[in-house]
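Per-entry structural report
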Amino acid sequence: MKRFLFYFLITGVLTMISAQNSNPFFEEWNTPFGTPPFDKIKNEHYLPAFKAGIEEQNKEIEAIVNNSEAPTFENTIEELEYSGSLLTKVSRVFFAMTEAMTNDELQSITKEVSPMLSKHNDDINLNPKLFARIKSVYENKDKFDLNTEQEKLLEEYYKGFVRGGANLPDDKKEEFREINKQLSLLSIQFGENVLKETNKFELVLEEKDLDGLPENVVAMGADEAKARGYENKYVYTIQRTSIYPFLTYSTRRDLREKIYKAYINKGDNNDELDNKKIAAKMAALRVKKANLLGYPTHAAFVLEEQMAKTPTAVYDLLNKLWEPALNVAKKERDDMQQMIYDEGNDFELEGWDWWYYSEKVKKAKYDLDENELRPYFEVTNVINGVFDLSTRLWGITFEERNDIPKYHPDVKTFEVKDKDGSHLAILYTDYFPRDSKRGGAWMDVFVKQHVDKDGNFVAPIVYNVGNFSKPTAGKPALLSLDNVNTLFHEFGHALHGMLAHTVYPSLSGTSTPRDFVEFPSQVMENWCMHPDVLKNYAFHYETGEPIPDELVQKIKKSGKFNQGFATVEYLAASFLDMDWHTLTEPVEKDVIEFENASMNKIGLIKQIAPRYRTTYFNHIFSGGYSAGYYSYIWSEVLDADAFAAFVESGDVYNQEIAGKYREYILSKGGTEDAMELYKKFRGSEPGIEPLLEKRGLN
Ligand SMILES: [Zn+2]
């Protein structure tokens, strides 16, 4: 309540709000465990709360800056860390809803709020008086007797400001801001071009062209045609959900070639949607920016903050994996070529043939039918499986609660308790698709675990969202293997949030380097498909029978299917990303020449294209993954090596190892150097052998 009165005095906005009845964001949440009161929150509550939240934080920062006492860790860094609590409170709920439960009104509020928030961030990051205080604390840090976590927090704030240009002389600051502005405009343009290119292409077919396509793929083509206004036609596009089934099943080699070429030439057609110049310009501007800040390359600037630390470390890993992966991919290619000869054909396998022939190999060698598996992966059984796994590893338990407000009837809420029975966290699960939800699966929090300013432990409130197969009339939700993996994966992120045990919120839970954060999630995928774990949760939804050994073996074998190809296309894109971002001169390169040289250097075979070519590599030119696409496999090295510790012990539920994993990996968030934490857990740096083994590349 204290906060509410405080606002009332300092903001004009509030006078208006209170006159219109209460706004839940200005009140204390008297719900179970302080969960968001979704039954009371209305669309009209967000905007006033954002405005008041920004105003609140501005006042708090003014107070820090105008403090007449000399800067200390407490009166500067801690005050800043704990500022903006109202803004955090409303942002977490609002952005959770725009992803999982959106509507036109929320979309239009987003448009209003986004520029407000980016201006607010700039106001903080470019506040010279604030930076002067942070710098003073940083330079005098030895005087403050800080513990490890405090030192890390100080470093994060100081570096964050410096990396944002706060330490540059005034004339350079102007240049810096101009580069940022250009980069952000170019990256928006890049992403828009990719989107338009993707939507533009259509392969319009007649019934006679559909040879080989299964019923559901035919139906998909018919739906797409209808949506685009065609009568009695079938349309396939270069969206991944359309092109991959087409390439997998169509017997028409000429049509496969056509759609494949359209896909790999996205953004490279020398028209108004061409992305070559934009990519080249962005790479050059990034070098310029890195140089301004004193780094030789953009990759050096980015990687300093990551677990890898240097471009050399990234290239080392990519190179170690490349040869084994390429050898397996060549073997896969040769097997398929043989199949072509055996069929009485004499053409050479090309990129557009890979999916078609690898599907034949899959049938012949692995004989895995998804529909045979689904009955063993009923959604409640799978959730119970991941709960059971957590109980066996850490003794934590899950109890469904029906007294916590929900934003949709599909949502379930659980109280998570520690092994001594004490309260640990609240978990929301929201697993089924609906129109108001975006695609994909994710984890985030309504409240981050931390210790508040008054020294109270604040328990986390975490959610998992997915788009898994829905229950249908008479049948419960039966998940695909891919769904099961995803559910365990996101639950791993949730554990990272729920078992967090730190003081400062900005270092808690999943606030770790980008190349570390997928480790606690990906490691769960090892457990979920392990035979010892499968037999504890994969029960037939009608008979209750555990999954037969024969199916378990098939799942195990199929994990290695086509891994040469998958690893090579991924690594090739990672090399391409690193090559673009280790340029040392701000010169605009010829994109095609550059890309060819990059791929020739590693000896990529012509049947495989990098997973993303430069002209549609959204991760690095329009998302936040420049010099970061390698992160997924870096994390996979960690998860495979970590899981090997359990397997080597002979017990995938080994509690001693699980205890160390909780202590050094799950509880520590970003409070210490990630590699140091890993070494404390495992006793040494990770090796790549377990990853090679897992992907069948050794
Ligand atoms: Zn993830």
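Here goes a summary of the coordinates provided. Chains are numbered independently. Their residues run from 1 in the order of the written sequence. Reporting of local features is limited, given that this is a predicted model, to residues whose pLDDT is at least 70; pairs of side-chain atoms are given and counted only at 80 or more, and all residues count toward the totals for whole chains, interfaces and linings. Only hydrogens and water are set aside when side-chain values are computed; all heavy atoms of the structure are taken into account.

1. Considerations on the overall build of the protein
Numbering goes from the N terminus for both helices and strands, where a helix is a DSSP run of H or I of at least four residues and a strand is a run of E of at least two. When its secondary structure is counted, the protein shows 29 helices and nine strands. For 698 residues, the compact-globule estimate of 2.2 N^0.38 gives 26 Å, and the protein sits close to it at 27 Å. Projected onto its principal axes, the C-alpha positions of the protein cover 85 × 65 × 60 Å. Think of it in three bands: with a 1.4 Å probe and only protein chains considered, a residue is buried below 20% of the maximum accessible area for its type, exposed above 50%, and partly exposed in between. For the protein, with 698 residues in total, the buried portion stands at 54%. Working rule for contacts: check all heavy atoms of both residues, and any pair within 4.5 Å makes them a contact. For the protein, the share of sequence-separated contacts (at least 6 apart) that also reach a separation of at least 24 residues comes to 74%. Each accessible area value is a Shrake-Rupley result obtained with a 1.4 Å probe; residue values ignore everything except the protein chains displayed when judging cover. When the accessible surface of the protein is totalled, it reaches about 31000 Å², and 49% of it is carbon and sulfur. Only C-alpha atoms enter the radius of gyration; for comparison, a globular chain is expected to reach 2.2 Å times N to the power 0.38, where N is the number of residues.

2. Structural notes on helix α11 (residues 240-249)
Counting buried residues along α11, seven of its 10 residues qualify, which places the element largely inside the surrounding structure. For α11, the set of buried residues is Ser 242, Ile 243, Tyr 244, Pro 245, Phe 246, Leu 247 and Thr 248.

3. A closer look at the coordination of the zinc ion
Distances decide who is a donor: an N, O or S atom must be within 2.8 Å of the metal, or within 3.2 Å for Na, K and Ca. Water is not included, so sites may look incomplete. Taken together, His 489 (NE2), His 493 (NE2) and Glu 518 (OE) make up the protein donors of the zinc ion, found 2.1 to 2.2 Å from the metal. Each donor residue of the zinc ion lies on one chain, and together they are spaced H-x3-H-x24-E. With a gap of 29 residues between them, His 489 in helix α19 (residues 481-498) and Glu 518 in the loop between α19 and α20 (519-528) connect regions that are remote in the sequence. Taking the relative accessible area as the measure of exposure, His 489 reaches 12% and is therefore buried.

4. Examining the packing of aromatic side chains
Centre distance within 6.5 Å is the pairing criterion for rings of Phe, Tyr and Trp, where only the six-membered ring of Trp is used; planes under 30 degrees apart are then read as stacked, over 60 as edge-to-face, and the remainder as tilted. Within the structure shown, the criterion is met by 54 aromatic pairs. For a ring to carry a charge above it, either NZ of a lysine or CZ of an arginine must fall within 6 Å of the ring centroid while also lying within 35 degrees of the normal to the ring plane. The ring of Trp 29 carries Lys 89 above its face, with NZ or CZ at 4.7 Å from the centroid.

5. So, the environment of Gln 607
Within the element layout of this structure, Gln 607 appears in the loop between α24 (591-602) and α25 (618-621). Taking the C-alpha atoms as reference points, Gln 607 and Trp 354, separated by 253 residues in sequence, lie 7.5 Å from one another. Excluding anything up to four places from it in sequence, Gln 607 contacts Tyr 260, Arg 333, Glu 348, Leu 349, Glu 350, Gly 351 and Trp 354. In terms of polar contacts, Gln 607 uses its side chain to reach the backbone carbonyl oxygen of Leu 349, at 3.1 Å. Within 3.5 Å is the distance limit for a polar contact, defined as a pair of N or O atoms, with the added protein rule that one can donate a hydrogen and the other accept it, and that residues adjacent in sequence qualify only through two side-chain atoms.

6. A look at a negative patch on the surface
Nonpolar side chains (Val, Leu, Ile, Met, Phe, Trp, Tyr) are joined into patches within 5 Å and like charges within 9 Å, using only residues with over 30% relative accessible area and no salt bridge. In the sections that follow, a salt bridge refers to a side-chain nitrogen of Lys or Arg positioned within 4 Å of a carboxyl oxygen of Asp or Glu. Under the convention used here, Asp and Glu are negative, Lys and Arg are positive, and both His and the chain ends fall outside the count. To locate a charge, the coordinates of NZ of Lys, CZ of Arg, CG of Asp or CD of Glu are taken. A contiguous patch of negative charge, built from Asp 369, Glu 370, Glu 372 and Asp 482, is present on the exposed surface. Here Glu 370 is to be found in helix α17 (residues 370-373). By relative accessible area, Glu 370 is classed as partly exposed at 32%.

7. Observations concerning the nonpolar core
In summary, soluble globular proteins display a tendency toward joint burial of nonpolar side chains. As used here, the term nonpolar core means buried Ala, Val, Leu, Ile, Met, Phe, Trp, Tyr and Cys residues forming a set that is joined through side-chain atoms within 4.5 Å. Ranked by internal contacts, the top residues of the largest apolar core, which has 165 residues, are Tyr 236, Phe 377, Leu 487, Phe 488, Met 498, Trp 527 and Ile 547. Ignoring any residue separated from it by four or fewer positions in sequence, one finds Phe 488 in contact with Val 382, Gly 385, Val 386, Leu 389, Ser 521, Met 524, Cys 528 and Tyr 537. With 34 residues, the next largest nonpolar core counts Tyr 46, Phe 50, Val 93 and Ile 461 among its residues.

8. Focus: the pairing of strand β5 (residues 423-430)
Both faces of the sheet carry side chains from a regular strand, because those side chains alternate between them. The buried fraction of β5 is high, at seven of eight residues. Here, a strand pair is defined by DSSP locating no fewer than two bridges between the strands. Judged from the six bridges that link them, strand β4 (residues 412-417) and β5 form a sheet pairing that is antiparallel. Its bridge partner being in β5, Lys 412 is matched across the sheet by Thr 429. Once β4 ends, the chain turns through five residues before running back antiparallel as β5, passing Gly 421 with a positive phi of about 90°. Across five bridges, the pairing between β5 and strand β9 (residues 461-465) is parallel.

9. Focus: the side chain of Asn 193
Structurally, the position occupied by Asn 193 is in helix α9 (residues 170-200). Residue classification places Asn 193 among the buried residues on the basis of a relative accessible area of 2%. The residues contacting Asn 193, other than those within four sequence positions of it, are Glu 272, Leu 273, Asp 274, Asn 275 and Ile 278.

10. Brief notes about the pattern of salt bridges
Per the stated rule, a full pass over the model turns up 49 salt bridges. Taking the shortest distance from any N to any O, the salt bridge between Asp 170 and Lys 173 comes out at 3.8 Å. With Asp 170 and Lys 173 both in helix α9 and three residues apart, this pair spans about one turn of that helix. When its relative accessible area of 62% is taken as the criterion, Asp 170 is described as exposed. For Lys 173, a relative accessible area of 18% corresponds to the buried category. In this structure, Asp 335 engages Lys 331 in a salt bridge whose closest nitrogen and oxygen atoms are separated by 3.4 Å. Taken as a pair, Asp 335 and Lys 331 lie in helix α15 (residues 311-342) at a separation of four residues, close to a single helical turn. Since its relative accessible area comes to 32%, Asp 335 is described here as partly exposed. A single network of salt bridges, built from pairs that share partners, joins Asp 268, Asp 274, Lys 276, Glu 595 and Arg 613.

11. A closer look at α24
By definition here, a helix of n residues has an expected span of 1.5 Å times n minus one. Between the first and last C-alpha of α24 there are 17 Å, a value that for 12 residues agrees with the 16 Å anticipated at 1.5 Å per step. Next to the buried residues of α24 lie α13 (276-292), α15 and α23 (563-580). The N-cap of α24, judged by a side-chain oxygen 3.2 Å from the amide nitrogen of Ile 592 a few residues on, is Asp 590. Phi for Gly 603, located one or two positions after α24, is positive at around 75°.

12. Concerning the sheet that holds strand β3 (residues 397-401)
Pairing is mixed across the open sheet formed by five strands, whose spatial order is β3-β4-β5-β9-β6. With partners counted over all chains shown, the strands left at the sheet margins are β3 and β6 (442-447), one partner each. Neighbour-to-neighbour, the strand axes of this sheet turn through a mean angle of 30°, independent of strand direction. Along the sheet, helix α18 (residues 379-394) contacts β3, β4 and β5; its crossing angle with β3, the most-contacted strand, is approximately 140°. Packing against the sheet, α19 makes contact with β3, β4, β5, β6 and β9, and its axis sits at approximately 175° to β9. Helix axes are fitted only over the stretch in contact, all axes being lines through C-alpha atoms; the angle between N-to-C directions runs from 0 to 180 degrees.

13. Some points on the pairing of β4
Here five bridges tie β3 to β4, and the two strands are oriented antiparallel to one another. The partner of Glu 400 across the bridge, within β4, is Phe 414.

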